[in-house]
Amino acid sequence: RAKEAGRGTFAFFEESLNRRAQDRRRLETDLRLALERGEFELYYQPLFDLESNRIGSFEALIRWNHPERGLVSPLEFIGVAEETGLIVPMGAWALREACRKASEWPDHVRVAVNVSPVQFHRGGLNETIVQALAASGLAPQRLEIEITESVFLDGSDATLKLLHALRSIGVRVALDDFGTGYSSLSYLQSFPFDKIKIDRSFIENILTRPGASAIVAAITDLANALGMETTAEGVEDNAQLAELRSHGCSSVQGFLFAKPMQAREVEKLFDEGNQARHVA
Ligand code: C2E
Ligand code: MG
Ligand code: MG
Ligand code: MG
């Protein structure tokens, strides 16, 4: 009986593996079509500058308007897009779209775009960015790219060269999700990032774990010493905000202020002139 049950379990396991492989192939095809059909949309989440008490930038966050499934989170498709290389045209679209939208915003407001390591390693990123800026007329200083430490994992000089080239034309570079993954302080000495984004996991625990608060304090001090700005990700309540202020964090992003919103909501925000909303 045990043997039979074992076989049953195996058959079940195999079936579920098959289904997963099928789902994945389906997702690949769907993503390709979605790109052709224009089913992707950028949402924008404000980052509040704690010194000026106003919005300093918006982070562009991709969403997929799926005809049947509705709004799909990037967490469900960025991985497959990276594995298949689809992230290259998808990311190029995001850069063009974000620059185009930001060119209609007030001059002091920047846009931040997430860029995948795959976009760095497959080449063409420099040209894509230069073209997105030229086509939109957006000043390079108003574009910030967000990268994670994983772009440095292959240890190639090409990544650093590309970053320096982007910086030399005025594009800003932020280090995203800092403190997670492969965190090594050596990245901070190898490139003059404009900003460090402190990962949400630290903000989440800032009031409950003494360690988290100490880490945030240390990161902000380090960033200050290096002449880099800091953004706290995922700020959800006022107590966290107070703590972050006390540590001298330069800006904050999170549901306390606003969730990612559609471009037309951003424009409404500017029309109403209430960009300082919520920041006490
Ligand atoms: P990320 O770059 O770290 O973006 C921040 C994520 O935190 C966003 O999730 C945002 O909606 C979420 N978030 C912001 N404030 C809060 C908060 O107060 N509480 C909580 N619980 N979450 C908050 P989202 O939009 O689902 O994006 C997830 C990730 O997908 C991003 O993480 C980024 O790594 C990736 N991603 C999004 N858009 C793009 C894109 O255009 N290109 C690439 N390569 N990756 C993207
Ligand atoms: Mg980001
Ligand atoms: Mg982040
Ligand atoms: Mg994050």
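What counts as what
- Residues numbered from 1 in each chain as written.
- Chains lettered and ligands numbered in written order.
- Predicted model: local features only at pLDDT ≥ 70, side-chain atom pairs only at ≥ 80, totals over all residues.
- Heavy atoms only, no water.
- Helix = DSSP H or I, 4+ residues; strand = E, 2+ residues; numbered from the N terminus.
- Rg over C-alpha atoms; globule rule 2.2 N^0.38 Å.
- Buried < 20%, exposed > 50% of the residue type's maximum accessible area, 1.4 Å probe, protein only.
- Contact = heavy atoms within 4.5 Å.
- Areas by Shrake-Rupley, 256 points an atom, 1.4 Å probe, with all protein chains shown as cover.
- Lys, Arg positive; Asp, Glu negative; His and termini not counted.
- Charge placed at Lys NZ, Arg CZ, Asp CG, Glu CD.
- Arc of directions from axis to C-beta.
- Polar contact = N/O pair within 3.5 Å; in protein donor to acceptor, adjacent residues only side chain to side chain.
- Phe/Tyr/Trp six-rings, centres within 6.5 Å; stacked < 30°, edge-to-face > 60°.
- Lys NZ or Arg CZ within 6 Å of the ring centre and 35° of its normal.
- Donors = N, O, S within 2.8 Å, 3.2 Å for Na, K, Ca; no water.
- Pairing = 2+ DSSP bridges.
- Right-handed = clockwise from strand over helix to strand, strands pointing away.

Going by what an unreviewed UniProt entry lists, the protein is known as EAL domain-containing protein and is assigned to Sphingomonas telluris.

A. Representation of the overall build of the protein in the model. The number of helices and strands found in the protein is 11 helices and 9 strands. The C-alpha atoms of the protein give a radius of gyration of 21 Å, which matches the 19 Å a tight globule of 280 residues would have. Its C-alpha atoms give the protein principal-axis dimensions of about 70 × 50 × 45 Å. Out of the 280 residues in the protein, the part that is buried amounts to 47%. Considering only intrachain contacts with a sequence separation of at least 6, the fraction spanning at least 24 residues in the protein is 67%. With an accessible surface of roughly 14,100 Å², the protein has 51% of that area assigned to carbon and sulfur atoms. Of the charged side chains in the protein, 31 are positive and 40 negative, and the gap between their average positions amounts to 5 Å.

B. A look at the side chain of Thr230. Structurally, Thr230 can be placed in strand S8 (residues 229–232). When neighbours within four sequence positions are excluded, Thr230 is seen to be in contact with Ile196, Ile198, Ile219, Thr220, Ala223, Gly248, Cys249, Ser250 and Ser251.

C. Representation of helix H10 (residues 238–246) within the structure. The complete set of buried residues in H10 reads Gln240, Leu241 and Leu244. One side of H10 holds all its buried residues, which, seen down the axis, span an arc of 100°. Turned more than 90 degrees away from the buried face of H10 sit Asn238 and Ser246, all of them exposed. On its buried side, H10 packs onto helix H8 (200–204), helix H9 (210–225), S8 and strand S9 (251–252). If you check the start of H10, you find a side-chain oxygen 3.2 Å away from the backbone N of Ala239, and it comes from Asp237. A positive backbone phi angle near 80° is found at Gly248, which sits one or two residues after H10.

D. Region of the structure containing the packing of aromatic side chains. The full count for this structure, using the stated rule, is 11 aromatic pairs. For the ring pair Phe40 and Phe77, a centre distance of 5.5 Å and an interplane angle of 45° mean the geometry is tilted. Separated by 37 residues along the polypeptide, Phe40 in strand S1 (residues 40–49) and Phe77 in the loop between strand S3 (70–72) and helix H2 (78–84) bring together distant segments of the chain. Grouping aromatic residues by their ring pairs yields a cluster made of Tyr44, Phe58, Trp105 and Phe270. Directly above the ring of Tyr43 sits Arg63, whose terminal nitrogen or CZ lies 5.6 Å from the centroid. Above the ring of Phe255, the side-chain terminus of Lys259 is found at 4.8 Å from the ring centroid.

E. Looking closely at the coordination of the magnesium ion (ligand 2). Within the first shell, the magnesium ion (ligand 2) binds the protein through Glu59 (OE), Asn114 (OD1), Glu146 (OE) and Asp176 (OD), at distances of 2.0 to 2.3 Å. Separating the magnesium ion (ligand 2) from the magnesium ion (ligand 3) is a distance of 3.6 Å, and Asp176 supplies a donor atom to each of them. With a gap of 117 residues between them, Glu59 in strand S2 (residues 54–66) and Asp176 in strand S6 (residues 172–178) connect regions that are remote in the sequence. Each member of the pair Glu59 and Asp176 is classed as buried.

F. Just the pairing of S8, in detail. Pairing of strand S7 (residues 195–198) with S8, which is carried by 4 bridges, proceeds in the parallel orientation. Directly across from Ile196, in S8, lies its bridge partner Thr230. In the sheet, S8 pairs with S9 via 2 bridges, with the strands oriented parallel. Each residue of the ladder has a partner; that of Thr231, found in S9, is Ser251. The β-α-β motif built from S8, the intervening H10 and the parallel element S9 has right-handed crossover chirality.

G. Representation of the coordination of the magnesium ion (ligand 3) within the structure. Within the first shell, the magnesium ion (ligand 3) binds the protein through Asp176 (OD), Asp177 (OD) and Glu233 (OE), at distances of 1.8 to 2.4 Å. In terms of primary sequence, the donors binding the magnesium ion (ligand 3) are separated according to D-D-x55-E. Among the residues examined, Asp177 registers a relative accessible area of 25% and is labelled partly exposed. Given a relative accessible area of 10%, Glu233 falls into the buried group.

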